[in-house]
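Residues per chain, in single letters:
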Protein chains: 2
Amino acid sequence: MNIIVQKYGGSSVADSEKIKQIAKKIKEKIKENNKLIIVVSAMGKTTDNLLKLSREISKKPNLRELDMLLTTGEQISASLLSIALNEIKIKAKSLNAYQAGIYTNNEYNHAKIEKFDTKNILNHLENYQVLVITGFQGINQNGDLTTLGRGGSDTSAVALASSLNAKCEIYSDYPGIYTIDPKLYPNAKKIKKVNYDEMLEMSRLGSKVLHYRSVEIAKKYKTIIYCGATFSEEEGSYIMPGIEDSVVTGLSVDRGQTQVNIINLPINYSLINEIFKITTEKSFNVDMISIINANDKINVSFSIVENDKADMDEFLKTHLKEFKDVKLSYRYNLTKISVVGVGMRSSKGVAMRFFKSLDKIPITLVTTSEIKISALIDETNLSKAIKNIAEEFSL
Amino acid sequence: MNIIVQKYGGSSVADSEKIKQIAKKIKEKIKENNKLIIVVSAMGKTTDNLLKLSREISKKPNLRELDMLLTTGEQISASLLSIALNEIKIKAKSLNAYQAGIYTNNEYNHAKIEKFDTKNILNHLENYQVLVITGFQGINQNGDLTTLGRGGSDTSAVALASSLNAKCEIYSDYPGIYTIDPKLYPNAKKIKKVNYDEMLEMSRLGSKVLHYRSVEIAKKYKTIIYCGATFSEEEGSYIMPGIEDSVVTGLSVDRGQTQVNIINLPINYSLINEIFKITTEKSFNVDMISIINANDKINVSFSIVENDKADMDEFLKTHLKEFKDVKLSYRYNLTKISVVGVGMRSSKGVAMRFFKSLDKIPITLVTTSEIKISALIDETNLSKAIKNIAEEFSL
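It should be emphasised that the depicted structure is a prediction, and the values quoted were computed from it without experimental measurement.

Time to look at a nonpolar patch on the surface. All names here are of chain A. The grouping of Ile267, Tyr269, Ile289 and Ile291 at the surface amounts to a nonpolar patch, some 340 Å² of accessible area in total. Relative to the elements of secondary structure, Tyr269 occurs in helix α10 (residues 269-281). For Tyr269, a relative accessible area of 41% gives the class partly exposed.

Looking now at the pattern of salt bridges. The tally for this structure, following the rule as stated, stands at 42 salt bridges over all chains. One salt bridge in this structure joins Lys52(A) and Glu56(A), with 3.4 Å as the shortest N-O distance. Of this pair, Lys52(A) and Glu56(A) both sit in helix α2 (residues 46-57), 4 residues apart, which is roughly one turn of that helix. Between Glu65(B) and Arg64(B) there is a salt bridge; the shortest N-O distance is 3.0 Å. Considered together, Glu65(B) and Arg64(B) belong to a single accessibility category, that of buried residues.

Moving on to the nonpolar core. Judged by nonpolar contacts, the single largest core of 86 residues is most densely connected at Ile37(A), Leu210(A), Ile239(A), Ile37(B), Ile121(B), Leu210(B) and Ile239(B). In this structure Leu210(B) touches Asp154(B), Ile170(B), Met199(B), Ser203(B), Val215(B), Ile225(B), Cys227(B) and Ile239(B), once residues within four positions along its chain are discounted.

Let us now look at the sheet that holds strand β15 (residues 250-266) of chain A. Residue and element names in this part refer to chain A. With respect to topology, 6 strands assemble into an open sheet ordered β16-β17-β15-β18-β20-β19, the strand pairing being antiparallel. Looking at which strands have only one partner, the edges of the open sheet turn out to be β16 (289-294) and β19 (363-369). Taken pair by pair, the neighbouring strands of this sheet meet at an average axis angle of 25 degrees, ignoring direction. Sheet topology places β15 next to strand β17 (residues 297-305); 8 bridges connect them, and they run antiparallel. Bridging across to β17, Leu265 finds its partner in Ile298. Across the face of the sheet, helix α13 (residues 382-392) comes into contact with β15, β18 (327-340) and β20 (372-378) while running at roughly 30 degrees to β18.

Attention now goes to the packing of helix α6 (residues 118-127) of chain A against helix α7 (residues 152-164) of chain A. All names here are of chain A. It is the contact of α6 with α7, at a shortest axis distance of 11 Å, that shows an interaxial angle of 85 degrees. Classified by the angle their axes make, α6 and α7 are roughly perpendicular. Residue-level contacts link Thr118, Ile121 and Leu122 of α6 to Leu160, Ser163 and Leu164 of α7. Residues of the contact of α6 with α7, tallied by class, amount to 4 nonpolar, 2 polar and no charged.

Definitions and limits used
- Residues numbered from 1 in each chain as written.
- Chains lettered and ligands numbered in written order.
- Predicted model: local features only at pLDDT ≥ 70, side-chain atom pairs only at ≥ 80, totals over all residues.
- Heavy atoms only, no water.
- Patch = residues over 30% accessible without salt bridge, like charges linked within 9 Å, V, L, I, M, F, W, Y side chains within 5 Å.
- Areas by Shrake-Rupley, 256 points an atom, 1.4 Å probe, with all protein chains shown as cover.
- Salt bridge = Lys/Arg side-chain N within 4 Å of Asp/Glu carboxyl O.
- Helix = DSSP H or I, 4+ residues; strand = E, 2+ residues; numbered from the N terminus.
- Buried < 20%, exposed > 50% of the residue type's maximum accessible area, 1.4 Å probe, protein only.
- Core = buried A, V, L, I, M, F, W, Y, C linked by side-chain atoms within 4.5 Å.
- Contact = heavy atoms within 4.5 Å.
- Pairing = 2+ DSSP bridges.
- Axes fitted to C-alpha atoms, helices over the stretch in contact; angles between N-to-C directions.
- Parallel < 35°, antiparallel > 145°, perpendicular 65-115°, else oblique.
- Nonpolar A, V, L, I, M, F, W, Y, C, P; charged D, E, K, R; others polar.

Structure (structure tokens):
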């Protein structure tokens, strides 16, 4: 039995016409003697609309109940797709988290899949040509519904493919993975093959193609992921092991950053560790961090997302009020620009070429990893920076 | 533990404001030291919208998948109401058919509840003040979702109350049960108490207040049902055993009837029985039937709903083509008007008073039962007939 797992995103199942088109596409694939498992997201804006309804009732809705609400979105699209498949004489059955046996931990709103009841799914595949499974959700050990976080249907599909040792195809509006988001740089090249580590850095850095956790799982099980456009025959991109043919694979952009500077802290590392410990506990998204020890004082600088800045200011003012010399300052409207590539590990001079291509653009913060360099720059310089880096690394 | 089961219909949970209002109403009821089980319908037009989506994809959607689709409506309203209750510090939990343990037979789209997992529900009630349960649905022995048919949430509530030996309160837009639909006759009186048998006749005859099956269950378990308006303090109506204080309790109206006349059939009862057997198998809604044996021939007359008339004509023409003398004729735009009352059993002259009050209005078909008299009249005479009957029986 040759099993293929396909995942269709929300815009691919946005209305009844698109659902019928996908059903036809699936029918073609079955002709090649395959059994298909289709993982679907909620239709179009369904999840947003459900969230809006819940916010009209409560600013901080009970998370167990919120997940109970949100999981309906995928049950709607799964059953409609199954209706469309049955209409064109395909033996199809939709399965929700209970029926498919998708077990997660207890973390409502960002649960992790623990296991699939693969025996149950394989049994169903004996009797049906296509199973349509609700993405984005699972059940915990109490039988309560959980959701996997925004974009979690990718993870449902990859986890399922991994546990069945099947191919995984992720379909969306994008015809593949690009070196740079084509909306930012229309000349961006499509990447034919990309390594798991590169994709991890790229999905973490704001490339919206794939849910981060899905790539982690694919890496662990060496599952090959194909990313392509739903309504196009254009060849897409593969995420797979062991490709290292270019130094820099792609460029990612993260807008809406604020830089926080804390000047003249006393040399007291336990104080600094305490600050980052608490910011993490309070779920601030602290990202790039730089600590400089100068003149018997310590200066700390880090980036946060724009939305967190008011809360962060209040927290720091309260927490540091006993240190009279300390000065807090903020820089707004910044963008993080990053280049990623496994080839960096073995190739020298990438950082130098990166900084050279940024030329006279002021950089306010820099961080590097083995396969990534990120710089914080002013939003107004973004398009110039993208152009220069793209040309330097032929992206 | 004093348990009350309340059911709220679709218009009562139509938007987030109404859901918040219901949550407040529930909070008041808890103060009286009760535990509440709330059964909800889908919000406003949700079920209609889901049906419309499915029909865009298939004219005859796979029924198993259709039920999978429709059950999402109640899961949305149940979780939103639970969010609203938690927001005002009520310990509440929503439960879908899996979680509540609502077991039905296999008849997708019009399933019958077989049992509730009452032990599970009582366990949950130990830890929560309110359980919000999805109406209209259950699961069959394969774990597939089923629905109970239009208005099935009434049945969910009554069945649950019956199995827990609890009070049952049904809330809707109507402040109770009336002798006649107030839209047809604004002077109609509200009925304080009504007997199960009368209510069965009334709900079967087109009174939209309660799902037929829910009254059957209430009768079997002697469960008292209170019907009232959601957003009003006005005292509603009780459905309960053993009330026989008026001869005629109410008047029901069923529009859109067509009368079928088959003249000059041979005297062959097995042929006639065959006709009614097949029409039932084909799901025609054959209702009032009159058979008259005259002059060595039989004349049969019966009423059907308007929508069935084209199919019925085709069926009869095919089935009776060998009988050359037989003549088929139809009368359109008829209305069935009925009076119901347990008191009829012991009170003579009701039929006479009924026909007298219809005065000069032509009646084309009549049927009677122990507690009901129905007449088929022309739609144009309806308002006059209602007025006359209402005055005659003080409705």
